[in-house]
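One-letter residues, chain by chain:
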Amino acid sequence: MSEVQRKKYSDQEKNNIFDNEFMPHIDSMYNFGYRLTFDEDDAKDLVQDTYLKAYRFINSFEQGTNAKAWLFRILKNSFINDYRKKSKQPAKVDYQDVETYYNSDDVDYGITTDLRVDAVKDMLGDEISNALNSLAVDFRTVIILCDLEGFTYEEMAKILDIPIGTVRSRLHRARNLLKEKLRSYAQNMGYKTDEDEDE
């Protein structure tokens, strides 16, 4: 539908579209946002931003088309824009929190040298999730969209704004990278791998 032919929805129509076509996808949107950001709060912010933009630009949505794909595209573009913005900013540290912690009586100076252990202790053990999260964002995104969310190649091409051939090749490479990352895990779990068959 061209810009000139787009329908101007009434407030009631906007609310109906939002409630009936957009809101049923909120869990999928959060899951996708979380897989991109690895942070619950950032994922929630991303979903909120996506839904605000969706409502704001609802007149550019053609009712009856794939609302989920339209929302995923908005979320992906918002993530990319935020990522670019954040990558240009210097890292931020709240020195008040650091000072408060070190001035408290609870501090054990023997264990504060490497806080990374505490940060990742709950994430260890889920090898598949870790392997997926370790992929570059372009590869991780196509696996999430195709294998977890069930989008077709055509829908993925529209969401990611890339040719369908690129979707196929990126998905192939992403699956191969994931396969390599999970090879030793599969062997430890007793599965035969290509390496085992060559021996």
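Thresholds, definitions, all that
- Residues numbered from 1 in each chain as written.
- Predicted model: local features only at pLDDT ≥ 70, side-chain atom pairs only at ≥ 80, totals over all residues.
- Heavy atoms only, no water.
- Helix = DSSP H or I, 4+ residues; strand = E, 2+ residues; numbered from the N terminus.
- Buried < 20%, exposed > 50% of the residue type's maximum accessible area, 1.4 Å probe, protein only.
- Areas by Shrake-Rupley, 256 points an atom, 1.4 Å probe, with all protein chains shown as cover.
- Lys, Arg positive; Asp, Glu negative; His and termini not counted.
- Salt bridge = Lys/Arg side-chain N within 4 Å of Asp/Glu carboxyl O.
- Polar contact = N/O pair within 3.5 Å; in protein donor to acceptor, adjacent residues only side chain to side chain.
- Contact = heavy atoms within 4.5 Å.
- Phe/Tyr/Trp six-rings, centres within 6.5 Å; stacked < 30°, edge-to-face > 60°.
- Lys NZ or Arg CZ within 6 Å of the ring centre and 35° of its normal.
- Expected span 1.5 Å × (residues − 1).
- Arc of directions from axis to C-beta.
- Core = buried A, V, L, I, M, F, W, Y, C linked by side-chain atoms within 4.5 Å.
- Domains from an automatic or database assignment.

> Describe in detail the overall build of the protein, supporting the description with residues and values.
Secondary structure assignment for the protein yields eleven helices and zero strands. Sequence-ordered secondary structure for the protein, helices as α and strands as β, is α-α-α-α-α-α-α-α-α-α-α. For the protein, buried positions account for 31% of its 199 residues. For the protein, the exposed area adds up to about 13700 Å²; of that, 50% sits on carbon and sulfur atoms.

> Give a description of the side chain of Arg140 that names residues and reports values.
Relative to the assigned elements, Arg140 resides in helix α8 (residues 137-148). Within the buried set, Arg140 has no salt-bridge partner at all; the shortest N-O distance to an opposite charge, 8.8 Å, is to Asp138. One polar contact links the side chain of Arg140 to the main-chain carbonyl oxygen of Arg35, over a distance of 2.9 Å. Beyond its immediate stretch of four places on either side in the chain, Arg140 contacts Arg35, Leu36, Phe38, Leu132, Asn133 and Leu135.

> Please set out the packing of aromatic side chains residue by residue, giving values where relevant.
One pass over the structure, following the stated rule, counts nine aromatic pairs. Geometrically, the ring pair formed by Phe18 and Phe22 is edge-to-face, given 6.0 Å between the ring centres and 75° between the ring planes. Taken together, the residues Phe18 and Phe22, both in helix α1 (residues 11-22) and four residues apart, mark about one turn of the helix. Note on accessibility: Phe18 and Phe22 belong to one class, buried. A connected cluster of aromatic rings, assembled from ring pairs, spans Phe18, Phe22, Tyr51, Tyr55, Phe61 and Trp70. For the cation-ring pair, Lys68 lies above Phe151, with the distance from its terminal atom to the ring centre recorded as 5.1 Å.

> Lay out helix α2 (residues 26-37) with the relevant residues and their values.
For α2, built from twelve residues, the straight-helix expectation of 16 Å at 1.5 Å per residue is met to within 8% by its first-to-last C-alpha distance of 16 Å. Restricting attention to buried positions, one finds in α2 the residues Ser28, Met29, Phe32, Gly33, Leu36 and Thr37. Buried residues of α2, seen end-on, are gathered within an arc of 155° and therefore sit on one face of the element. Downstream of α2 by a residue or two, Phe38 has a phi angle that is positive, lying close to 60°.

> Help me get a handle on the side chain of Ser78, residues and values and all.
Turning to its location among the elements, Ser78 is positioned in helix α4 (residues 67-87). For Ser78, a relative accessible area of 1% translates into the label buried. Setting aside residues up to four positions removed in sequence, Ser78 forms contacts with Leu46, Asp49 and Lys53.

> Explain the nonpolar core to me, using residue names and the numbers behind them.
In this structure, Phe22, Ile143 and Leu145 are the most contacted members of the largest nonpolar core, which totals 41 residues. At the level of elements, α1, α2, α3 (40-56), α4, α7 (127-134), α8, α9 (153-160) and α10 (164-188) are the ones that each hand at least two residues to this core. The greatest single-element share of this core, amounting to eight residues, is contributed by α4. Counting contributing residues per domain, this core is built from domain 1 (11-86) and domain 2 (95-198), each supplying no fewer than three.

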